[in-house]
Structure formats: C-alpha cells, structure tokens
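Overview (structure and organization)
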Amino acid sequence: MERNNGMNRRKFNTALAAGGALTALAPFGIARAQGGKLKVGVLLPRSGFEALIGQSCQKGADLAPEVIKSMLGVDIEIINADTESNVNTARTRAERLIEEGAHVLVGAFDSGQTVAIAQVAEQRGVPLVVNIAAAPQITEQGYKYVFRNFPTARDLVTNGLSLIGELFQATNIVPRTAVYMHVNDTFGQAMTGGIKAALPHLTQLPFKIVDTIPYDPAARDLSVEVSKAKATNADFLLLVCRLNDAIVLRREMVKQRWSPMGVIDPGSPGIYEEQFAKSLGKYADYCIDNPPWYNPKAELTHVVEAAFKKRNPKEHFVYHGLNIGYTFEAILIAADAFKRAGSTNPKALADAIRATNITQRMCLGGPIKFNAKGQVEGNQSACVQILNGTPKVVLPSYAAEAKPVFPWPEYKSA
Amino acid sequence: MSASLIANVVIAGVLTGLVYGLMALGLSVIFGVVRVVNFAHGEMMTIAMYAAVLLFGAFKLDPLLAALPVAALFFGLGYALQAGLINPFITRPEHSQFILLVAVATILTNVLLMVFGPDARNVQTDYMLDSWAIGQVLFDKARVFAALAALATAAGLFTFFRYSRTGTAIRACADNHLGALIVGLNVKHLYALTFGLGAACVAVAGCIMTLLVEVAPSVGPGYTLLGFVIVIVGGLGSMLGALLGGVLIGVSEALAGLFIDPSAKSMFSFGLLILVLLLRPQGLLGRKP
Amino acid sequence: MSREARVGALLALLAAALVALPLAANSYFLSVATLVLYFAYTGQAWNVMMGFAGQLSLGHALYVGLGAYAAAALFTQFGIGPWAGMWLAMALCVAAGVAIGFLAFRFGISGVYFALLTIAFAEFTRIGFDHIGWLGGPGGLFLKVEAHKTTDLANLRGGQTMFYYVMLALAAGAFALCAWLLRSRAGYYWRAIREDEEAARALGINTFRWKLLAVAISAAMTSLAGVFFAFYYNNLFPEQIFHISQSIEIILGPIVGGVGTLFGPILGAAMLTALADALNNLVAAMGWDIPGVKQVFYGVILLLVVMFVPNGIWPPIAKRLGLGRGG
C-alpha cells in the first residue's frame with residue numbers, strides 16, 4: 001500500500017521535472033561565439049567499458065591547445081564530451097557539441113560510436129576528424145565532412161604482418177609454424193580476415209598457421225585455450241588480444257610452462273599498455289606488438305612529451321603515446337586547417353582539411369594527406385617490444401630505440 | 001587430443017569451478033532464504049576483490065588471509081543493507097526488486113570507477129605463477145589453494161546451517177515463513193543475518209578470485225550472470241548444489257572450449273541454463289519450486 | 001469536464017506539441033526527443049507483456065536485435081527497404097517470442113525463473129550472433145549511408161527531423177494500440193491473469209493462449225524498434241544490441257513511470273532521458289569532470305524513485321490531474 005506522504009512525493013517529482021527541464025533547455029540561449037578561436041568538440045569514451053583508452057586519448061586532447069598555440073599560433077578551445085562507450089549517448093553528445101558551437105569534431109575511438117557521430121557531422125555539415133577507429137566503413141560512405149587520420153583495419157593488418165617479416169629478417173630466424181589466438185571482437189575479427197587475405201601474398205612470411213583459437217573477450221579463464229595452443233607445438237604464438245586477456249593469457253602460459261619462440265601481436269592493443277608490464281613483471285618482457293605508433297625520434301614527439309610530463313608528472317608517456325599521438329594529430333589537423341582557412345565556417349574548414357599536407361608529425365608514416373575518401377594513406381606501424389618492462393620501438397630501424405630480441409631467451413628448441 | 005590435455009583442462013575446470021561455486025553459494029543462500037534476486041551480487045564481489053587488492057598493496061597481505069577481515073566487514077554491510085534497504089522490497093514485485101538492485105549495482109560500479117579509475121588491478125603473490133607437475137598433468141598452485149579455500153568456506157557454512165541453532169532457524173524461515181513467525185522467530189533479524197552471511201560468502205569468493213583474475217570496475221555484471229546460471233543449474237537453496245553447479249559449469253565450459261569453439265563456450269552455459277529451467281527448474285539438488 | 005473529456009484534451013495538447021516540436025527545437029533537442037520517444041515506444045511494448053499480462057521479461061533486447069538484424073540483412077544483402085523488411089523482422093520476433101513463451105508456459109515457468117529464462121535466451125543469441133560471419137559477426141554490420149540532403153522515406157534516409165517523425169508515429173501507434181488493448185477482451189483477461197492466474201484459469205480463461213498472445217504482441221512491437229535502430233544508427237554489433245544493459249534500459253522507463261499504465265512508459269522514458277541529459281550538463285557545468293559521476297547520480301535518483309514511488313510516477317500525477325489510474 002502506498003504510504004500517505006503524497007505531498008512530499010509530488011513535490012519531489014515536480015521539482016525534479018522542473019529542474020530537469022530547466023537544465024536541459026537552458027543552453028539554448030547560448031549564441032554561437034564568433035571570433036578568433038576554434039572550438040573543437042572532443043568525443044571520447046571516458047566512462048563505460050572503454051574508459052581506460054578513452055581517458056588515455058583525453059590526455060592528448062588536454063595538452064593540445066598549449067602545444068598548438070606555440071606551434072601554429074592559433075587559439076583553440078576544447079569542449080569535451082563523454083560518449084560513455086554507448087552509441088545513443090555518442091549521437092546526442094555530438095549534436096549537443098554542435099549546438100554549443102563546436103566548429104569541428106574529433107573522436108571517438110570506438111567504430112560504432114564513430115559511425116553514429118559521423119552521420120551527425122555529415123548531416124549538420126560540421127567536419128569530423130577521426131582520431132582512432134579502424135572500421136573501413138567510416139570512410140567508405142562517401143561523406144564529405146568525415147576525415148580519418150588512422151589506418152583502416154586492412155592497412156593495420158598488412159602493416160603489422162609485414163613488420164613480422166621484417167622482424168624475422170632482422171633476427172635471422174624463420175619460424176615454420178604459428179598458432180593464432182584471437183579475441184572474438186571487432187578487432188580480432190578484422191585481423192583474422194586480414195590475415196587470411198594477406199598472409200598468402202606476403203612471401204617473406206613463410207610460416208603456416210597450424211591452428212586458430214578464438215576466445216571470448218569476457219572470458220575470465222583462458223586455461224583451455226592456452227592448453228589447446230600449447231598442444232599444437234607451434235613455433236610461436238600469433239596473438240590478437242585486448243589488455244585484460246593478454247595478461248591472463250601470458251600468465252596461463254607461465255603456469256602451463258609453455259614457452260614458444262615468442263608472442264607476436266600484429267597490431268591490437270594490450271601488450272604495449274601499462275598494466276601489461278605492471279601485472280606481469282619480468283614475464284612481460286620480449287612480448288612483441290606491431291601497432292600504429294608514434295615516432296619516438298620525431299621533433300614533435302619531444303614537444304608533446306614535454307607538455308605531457310608537465311601535466312602528468314607521475315605517468316609514463318610511452319604507454320599513452322599512441323593514443324595521445326593520434327588524438328593530438330587529429331586536433332592539429334583541425335587547427336592547421338583553421339589557420340589556412342582563416343575562418344570558422346564549417347564548409348571552409350572542411351575544404352581546408354581536405355587540402356591538408358602536414359609533414360611535421362608525431363606518428364609514424366608519411367605526411368598527413370587525405371585521399372578522395374577522406375582517409376590518410378601511409379600511416380605506419382612500429383614493431384614494439386617490451387624490454388626491461390618498457391615498450392621500445394625495435395623496428396623500423398629509423399625510429400628504433402633498441403634491437404629486437406627473437407626468439408626470447410627462455411625458448412629452448414625442442 | 002591427448003589424454004593429458006583433456007586431464008589438464010578438466011582439472012583446471014574443476015578447480016576454478018569450485019571458486020565460482022563459492023560465489024554462487026552466497027547468491028543461493030540469499031535467494032533461497034530471503035527470496036530476493038540479488039542483481040548486485042557481482043558488484044559486491046568486485047568490491048571484495050578491490051578490498052583484497054588494496055590490502056595486498058598496503059600490507060602485502062595474502063588474499064587468502066585478507067578474506068577473514070573482508071568477510072567480517074561484508075557480513076556487517078550485508079546485514080545493514082538487508083535490514084535497511086532491501087527488507088521492504090521482499091514483498092514487492094520482482095521487477096521492483098530488480099530495479100532496486102540494478103540501481104545499487106550502478107552506483108557501486110561507478111563509485112568504483114570514480115575511486116579506482118578504469119585500470120585493472122591485481123595481486124601478485126609469490127606462488128601465483130607456480131604449478132606442480134605430476135607427469136604430464138599440471139596443477140596450478142593458485143587454483144589449488146583457491147579451490148581448497150572455497151571448499152573450507154563452504155564446509156564452514158554448511159556446518160553452520162546444519163548444526164547451529166541460528167542456522168536451523170534460518171532454514172525454518174526459508175521453508176515456512178508464516179510458521180517461523182508463529183513460532184516466534186525474529187524473521188527480520190534472521191533475514192538480515194542470512195544476507196550478511198551471503199555477503200560474507202561472496203566476499204571470501206572475491207578475495208580468492210584475485211588469485212586468478214584481474215579486477216576492474218566493469219567485471220561485476222558478468223559474475224552476477226554466472227552466479228545465477230550456477231545457482232539455477234545446481235539447485236536453489238542447496239549449498240552442495242551451488243558447489244556442484246559451479247564445478248559442472250566450470251568443467252562443461254572447459255570441455256566445450258576444448259572440443260567446440262572456445263569463443264562460444266558461454267553459449268553452452270546459457271544453453272544449459274535454458275534446458276535446466278525448462279526441464280528441471282529445481283536444478284541438480286534443489287527443492288521443487 | 002468529464003474524465004474522458006479531460007483525457008482527450010490532454011492528449012490533443014500533447015499530440016499538437018509533439019508534432020510542432022521540430023519547428024521550435026534545434027537538432028540536438030530533437031535527437032534527445034527522438035531518444036525519449038524510442039524508449040517510450042520500447043517501454044510501451046515491454047509493458048504489454050509485463051504490465052498487462054504480468055510476465056517479467058529481462059531479455060527484451062533479443063527482439064530489438066533480431067528485428068534490427070533482420071531488416072539490416074535484407075537491406076545490405078538484397079537492397080530491400082525497411083518498410084518491407086519490417087515484416088520479416090516482426091515475423092522473426094513473433095516466432096522467437098512465441099517459442100520462448102511456449103516453452104516457458106508449457107513447462108510452468110514463471111516469476112523469477114521466467115525472467116532468468118529470457119536473460120538466458122538473449123545472452124545465448126548475443127554470443128550466437130557474434131559467430132554469424134555473414135552478418136558481420138563481432139565486427140558489426142554496417143548499413144551503407146549515402147551523403148544526402150534530401151529525405152528518402154522509403155529507405156529511411158534523412159535528417160533528424162525525419163527520424164523524429166517516424167519515431168513519433170511509432171510511439172503514437174503503440175499508445176493507441178495499448179489503449180485499445182486495455183479496453184478489449186484481451187485486456188480484461190490479462191488483468192485477471194496478472195492478478196491471480198490460478199483464479200483466472202478456474203474461471204475458464206485459457207491463460208496459456210492469452211499469455212502467449214501478450215508475448216507475441218510485445219515481441220512484434222519491439223522488433224520495429226530494432227528496425228528503427230538499424231536505420232538510425234546504421235551499425236549493429238551483437239555485443240551492444242543484444243546486451244543485457246539494453247534490456248535494462250528498456251524496462252527502466254515503464255517501471256519508473258508506472259507498470260501497467262498507459263502513460264507510465266512515456267512519462268518514465270521522458271523523465272529518465274531528460275534526467276540523464278540534465279545530469280550530463282549539470283556535471284559539465286559544475287566542472288566535475290570525473291567519469292562515473294553522472295551514473296552515480298543517475299543510480300541514486302533511480303534508487304530513490306523505486307523506494308519512494310513504488311507504483312511509478314504516473315499514478316499519483318494522474319490522481320492529481322483527476323484522471324484516475326491507468327489513464
């Protein structure tokens with residue numbers, strides 16, 4: 001039976017509704033600010049299941065205004081929005097940012113959310129510069145306002161695989177077999193398709209994949225999968241993973257005393273992240289990942305790293321470099337276009353972005369130039385190996401900080 | 001597919017299954033007695049895991065030892081939660097209970113996110129990566145200790161419910177609520193006690209679990225679902241059923257992963273849940289609902 | 001003014017306001033309004049099963065997902081538009097719903113066990129779709145979107161305004177359908193079943209058949225939300241669309257608004273969506289840029305509502321407005 005405090009309840013409800021309506025309607029009075037500042041709306045998953053990477057990318061957005069001011073002399077203002085790892089929220093937040101006067105959008109790490117935002121951007125005629133998202137479809141829709149400075153899944157796979165070939169050449173080792181384990185999510189699936197397509201053509205990769213073992217990203221226990229992989233007696237483990245399962249897997253390998261030539265990841269996240277080295281200690285060493293990466297020797301990298309150290313004195317740049325690099329570059333693209341266009345008019349900005357040609361970069365690859373589909377071709381990956389608990393670039397040689405070690409020391413040939 | 005491979009997989013399944021069983025035990029006790037569908041169960045376990053991680057970080061306290069103070073704490077919290085918040089909801093319709101606990105779960109998960117951030121944490125005891133080998137068969141040390149701790153806790157709980165006066169009183173409440181009231185049992189207190197015990201149980205499970213997995217704010221819901229699958233399969237209200245259910249799920253998932261597709265092994269568990277719900281809702285050892 | 005006239009006047013006012021909204025509101029507000037209508041619609045659909053027939057479904061995302069994938073598959077593989085595709089979507093979902101309902105009711109599953117059964121089916125399907133390669137698997141199914149400034153209603157391609165009106169039409173249709181159902185014979189039987197199923201059976205009502213009908217209608221309605229979802233967001237991932245969090249989002253509106261009432265789901269959806277958005281803006285304005293803060297507030301308010309307004313927000317408001325319960 002309802003308690004008889006109807007007055008309180010109703011008051012509560014009315015107050016709540018009024019407050020809600022007020023706060024929701026309030027900002028509609030905001031006039032679009034004109035003037036010499038570029039407003040960049042940054043959409044990232046800072047809560048929800050993608051929070052870790054989202055917050056990492058956010059660090060790149062936070063330091064951008066200061067670095068860009070000193071580089072280009074333009075003023076930019078960052079307006080942040082949390083997509084909450086959720087496509088509904090991503091869409092409304094994008095609309096909201098545009099309403100608040102954002103001249104250009106940057107985001108959003110997750111392919112699904114990025115597609116939703118891209119539609120809004122295209123509809124409203126506001127340029128979107130994608131910082132990180134690998135689904136090829138994002139730049140296949142014929143959009144005029146969507147730009148991406150990040151390799152598509154196909155390019156990612158090809159780059160990652162050819163780096164494996166370079167690795168074998170550099171260390172003079174030719175493994176004959178590999179067991180391929182992959183997490184059954186977007187990344188894993190894209191990688192698998194790419195590997196199937198690319199592997200037969202890459203002749204410097206003479207190894208055969210003897211077994212493919214997909215696993216559930218939510219799996220708490222990977223002992224079965226590792227047992228299966230160990231039973232194949234393959235020369236090395238080709239692994240596509242996420243952070244948490246990478247840690248669980250490596251631990252299982254130790255527990256089950258499985259020591260192949262090494263663990264090589266063609267480019268998914270996980271191995272190069274901070275928690276991997278922290279959780280595994282010495283067992284993280286010698287694991288290899290080939291993600292798109294930043295150039296540790298580039299001038300711009302030093303500048304960004306200095307700004308990062310100022311704001312995050314307790315953090316290690318190397319673990320965030322990739323996320324920061326691409327997020328920063330996305331904002332850089334917007335600022336650079338703003339400088340050339342000389343206005344915040346979205347169409348002018350979009351045209352300026354289309355004509356971008358930035359050679360002074362932080363990330364590995366050729367100059368930032370968009371093709372007809374709004375995609376940058378020529379972004380490169382690096383072969384990153386954990387040495388002494390820190391990820392170090394070992395290939396390509398012009399960006400290398402150390403020499404690759406393969407097979408890893410604890411491997412005993414059978 | 002060698003015999004040693006199958007043996008290894010089954011053993012790992014049994015050991016891990018026992019820990020899952022302990023977690024489900026807490027749920028079974030709560031559901032079986034208080035009749036509340038605790039959809040915040042996984043989140044409660046997550047908090048216990050964080051507690052174990054913190055204690056390890058601060059005092060290098062082995063999670064198996066940390067389980068004692070954490071369990072005591074959770075007993076008190078569980079008691080308070082039941083007496084304070086949940087009690088009025090026992091007679092409410094299920095969807096209200098569900099939303100209440102979903103709200104609690106949301107709050108807990110996001111407070112954890114705010115306090116600890118999204119990074120996964122873990123403990124690193126010395127023996128965590130060791131294993132004993134008997135021929136080709138490997139016994140993971142951490143898993144063995146975890147399983148033993150789970151069994152010990154379950155045994156303790158079982159003894160309490162079977163042989164102590166309070167335990168008997170609680171079982172009476174569960175069997176016949178009205179009868180218990182008539183006989184003069186303080187049902188409200190007993191319910192709160194039970195919830196406290198269930199919470200303590202899941203706290204121990206959480207501490208043990210840190211030996212095996214990492215903890216992040218988002219791991220809760222997965223464990224809640226797992227808990228329900230085990231409780232249904234094992235049988236509501238049966239403690240042995242919860243343990244057996246845990247082992248069954250652990251082994252069947254392991255075997256499904258071995259012989260079929262590892263990424264679809266959860267499908268197997270849900271399929272099993274569907275079959276059990278339809279054909280034998282009382283599960284392996286439960287009473288007929 | 002008689003009660004009927006009051007209800008009529010209120011409805012007319014609401015309808016006029018909703019239809020005229022795009023004239024006054026900007027694209028952001030419209031996108032939020034579309035979301036409100038979406039959750040009002042799915043909440044209404046779920047309410048048929050729960051509020052009318054008393055069957056708690058915690059796996060309603062199953063129907064959203066099946067509907068979405070059915071329509072999307074037809075579009076991407078055969079170029080068949082959503083207006084034709086929706087029939088397959090509905091048929092598929094009705095089949096699924098009837099299958100689940102049949103199994104459950106034949107075996108006498110009810111209450112919490114039934115709820116867990118619905119969760120199990122949704123999870124089973126989620127993992128299953130992760131393994132269906134030709135539908136994209138975990139990598140997702142993307143619908144091709146052409147850049148356009150014109151509205152193509154036949155293929156549901158257009159701006160925010162178009163989607164708003166489509167959702168408005170769906171929500172209005174659902175409201176009308178539920179109003180009619182409540183007053184029909186089905187409505188009376190359902191109410192009897194919900195109050196006391198055994199007594200209803202004793203009266204000679206074929207509870208099995210009527211419960212199954214509720215499930216079928218609910219599933220069919222929800223499938224259309226899935227079709228909308230597919231063409232609005234243009235990408236589908238099994239992990240997201242079948243996820244239990246989707247199922248929970250669907251039921252929040254009707255539970256907060258008032259299970260079994262007509263206006264409950266609408267009011268609940270409106271309140272919750274507005275609340276979520278207001279909290280976002282509030283948190284941003286206060287500078288509390290800590291991820292998770294908004295969800296904590298949201299959870300607390302949800303908790304308070306469930307604790308103090310157990311039958312939902314609409315019944316007391318309805319009483320105040322002199323509309324009586326269930327109006």
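Everything below is about the structure printed above this text.
Analysis parameters
- Residues numbered from 1 in each chain as written.
- Chains lettered and ligands numbered in written order.
- Predicted model: local features only at pLDDT ≥ 70, side-chain atom pairs only at ≥ 80, totals over all residues.
- Heavy atoms only, no water.
- Patch = residues over 30% accessible without salt bridge, like charges linked within 9 Å, V, L, I, M, F, W, Y side chains within 5 Å.
- Areas by Shrake-Rupley, 256 points an atom, 1.4 Å probe, with all protein chains shown as cover.
- Salt bridge = Lys/Arg side-chain N within 4 Å of Asp/Glu carboxyl O.
- Helix = DSSP H or I, 4+ residues; strand = E, 2+ residues; numbered from the N terminus.
- Phe/Tyr/Trp six-rings, centres within 6.5 Å; stacked < 30°, edge-to-face > 60°.
- Buried < 20%, exposed > 50% of the residue type's maximum accessible area, 1.4 Å probe, protein only.
- Axes fitted to C-alpha atoms, helices over the stretch in contact; angles between N-to-C directions.
- Parallel < 35°, antiparallel > 145°, perpendicular 65-115°, else oblique.
- Left-handed = near helix turned anticlockwise from the far one by under 90°.
- Contact = heavy atoms within 4.5 Å.
- Nonpolar A, V, L, I, M, F, W, Y, C, P; charged D, E, K, R; others polar.
- Pairing = 2+ DSSP bridges.
- Buried area = accessible area lost by both parts, 1.4 Å probe.
- Polar contact = N/O pair within 3.5 Å; in protein donor to acceptor, adjacent residues only side chain to side chain.
- Expected span 1.5 Å × (residues − 1).
- Core = buried A, V, L, I, M, F, W, Y, C linked by side-chain atoms within 4.5 Å.

Another point: a nonpolar patch on the surface. On the surface, L240, L244, L248, L284 and L285 of chain B cluster together into a nonpolar patch covering about 410 Å² of accessible area. Inspection of the secondary structure puts L240 of chain B in helix α10 (residues 239–259).

All names here are of chain C. Within the structure shown, the criterion is met by 38 aromatic pairs over all chains. Between Y38 and F39, the ring centres sit 5.3 Å apart and the planes meet at 85°, which makes this aromatic pair edge-to-face. Both residues of the pair, Y38 and F39, count as buried. On the basis of an interplanar angle of 70° and a centroid distance of 5.1 Å, the ring pair of F75 and F231 is categorised as edge-to-face.

The next subject is the packing of helix α3 (residues 61–78) of chain C against helix α9 (residues 207–233) of chain C. All names here are of chain C. Running from N to C, α3 and α9 point in directions that differ by 50°, and their axes come no closer than 6 Å. Overall, the two elements α3 and α9 adopt an arrangement that is oblique. Between α3 and α9 lies a crossing whose hand is right-handed. On α9, the residues that touch Y63, V64, G67, A68, A71, A72 and F75 of α3 are V215, A219, T222, S223, G226, V227, A230 and F231. Looking at the contact of α3 with α9, its residues break down into 11 nonpolar, 4 polar and no charged.

Moving on: the sheet that holds strand β5 (residues 146–148) of chain A. All names here are of chain A. Spatially, the 5 strands line up as an open sheet ordered β2-β1-β3-β4-β5, and their pairing is parallel. Bordering the open sheet on either side are β2 (75–82) and β5, each of which pairs with just one other strand. On average, each strand axis in the sheet is tilted by 25° relative to the strand beside it, whichever way the strands run. Pairing analysis gives 8 bridges linking strand β1 (residues 37–44) to β2, with the strands arranged parallel. Bridging across to β2, K37 finds its partner in D75. Against the sheet, helix α2 (residues 51–72) contacts β1 and β2, and its axis sits at roughly 165° relative to β2. Packed onto the sheet, helix α12 (residues 346–354) meets β1, β3 (104–107), β4 (128–130) and β5 and runs at close to 30° relative to β5.

Another aspect to go through is the interface of chain A and chain B. In many analyses, interface size is given as the accessible surface area lost on bringing the parts together. With 31 residues of chain A at the interface, the matching set in chain B holds 35 residues. Between chain A and chain B the total buried area reaches about 2,800 Å² when both faces are included, carbon and sulfur atoms providing 54% of it. Taken as a group, R220, R251 and K255 of chain A account for 27% of the area that chain A buries against chain B, more than any other trio of residues on that side. On the surface where chain A and chain B come into contact, there are 5 salt bridges. A salt bridge links K265 of chain B to E225 of chain A; its shortest N-O distance comes to 3.2 Å. Counting every contact that joins chain A to chain B gives 17 residue pairs in polar contact (both at pLDDT 80 or more). Taken together, the elements giving at least two residues each to the side of chain A that touches chain B come down to α2, β7 (208–215), α7 (223–231), α8 (243–255) and α9 (274–280) of chain A. Of all the elements, α7 of chain A adds the most residues to the side of chain A that touches chain B, at 7 residues. Within the side of chain A that touches chain B, the residues separate by chemical class into 10 nonpolar, 10 polar and 11 charged.

This brings us to the interface of chain A and chain C. Tallying the contact residues gives 44 residues for chain A and 54 residues for chain C. Buried surface at the junction of chain A and chain C, both sides included, amounts to about 4,400 Å², of which 52% is carbon and sulfur. For the pair chain A and chain C, the interface holds 2 salt bridges. For K294 of chain C, the salt bridge goes to E84 of chain A, with nearest N and O atoms at 2.8 Å. Those elements giving two or more residues to the side of chain A that touches chain C turn out to be α1 (6–25), α3 (87–99), α4 (111–124) and α6 (186–198) of chain A. Tallying contributions element by element places α1 of chain A first for the side of chain A that touches chain C, with 9 residues. For the side of chain A that touches chain C, the per-class residue count stands at 10 nonpolar, 18 polar and 16 charged.

Once that is clear, we can look at the side chain of S27 of chain C. The topology assignment puts S27 of chain C in helix α2 (residues 27–52). For S27 of chain C, the side chain forms a polar contact with the side chain of R124 of chain A, separated by 3.4 Å. With near-sequence residues (within four places) excluded, S27 of chain C lies in contact with E95, E99 and R124 of chain A together with Q160 of chain C.

What follows covers helix α5 (residues 153–171) of chain A. All names here are of chain A. Taking 1.5 Å as the rise per residue, α5 with 19 residues should run 27 Å; its terminal C-alpha atoms sit 27 Å apart, in good agreement. Where α5 is concerned, the buried positions are A153, L156, V157, N159, G160, L161, L163, I164, G165, L167, F168 and T171. In this fold, the buried residues of α5 make contact with α6, β8 (236–240), β9 (263–265), β10 (288–289), β11 (383–387) and β12 (390–395). Of the residues trailing α5, N172 is marked for its positive phi of about 60°.

Position of Q295 of chain C among the secondary structure elements: in helix α13 (residues 293–308). Here Q295 of chain C is in contact with S47 and E84 of chain A together with T106 and N110 of chain B, once residues within four sequence places are set aside.

This part takes up the nonpolar core. Core analysis: the largest hydrophobic core is formed by 229 residues, its most contacted members being M209 of chain B together with W190 and L236 of chain C. With 18 residues, α9 of chain C is the single largest residue contributor to this core. Excluding residues that lie within four positions of it along the chain, W190 of chain C makes contacts with V48, F52, A53, L181, W210, L213, A214 and I217 of chain C. Y180, C287, A352 and I386 of chain A belong to the second-largest nonpolar core, a separate cluster that totals 118 residues.

The next subject is unusual backbone geometry. At the junction of G107 of chain A and A108 of chain A, the peptide bond is cis and its omega measures out at -5° in the coordinates. Along the chain, A108 of chain A turns up in the loop between β3 and α4. Omega for the peptide link from F406 of chain A to P407 of chain A comes to -5°, which places this bond in the cis form. Tracing the backbone through its elements, the reader meets P407 of chain A in the segment after β12. Phi is positive for Y286 of chain A, which is not a glycine, with a value near 75°. Among the structural elements, Y286 of chain A can be located in the loop between α9 and β10. Despite not being glycine, N234 of chain C shows a phi value in the positive range, around 60°. Tracing the backbone through its elements, the reader meets N234 of chain C in the loop between α9 and β2 (235–236).

The next thing to look at is α6 of chain A. Residues and elements named next belong to chain A. Counted at 1.5 Å a residue, the expected span for α6 with its 13 residues is 18 Å, and the 18 Å between its end C-alpha atoms agrees. Every buried residue of α6 is accounted for by G188, M191, T192, G194, I195 and A198. Buried residues along α6 sit in contact with α5, β6 (177–183), β7 and β8. Between the side-chain oxygen at the start of α6 and the backbone nitrogen of G188 there is a gap of 2.9 Å, and the oxygen is on D185.

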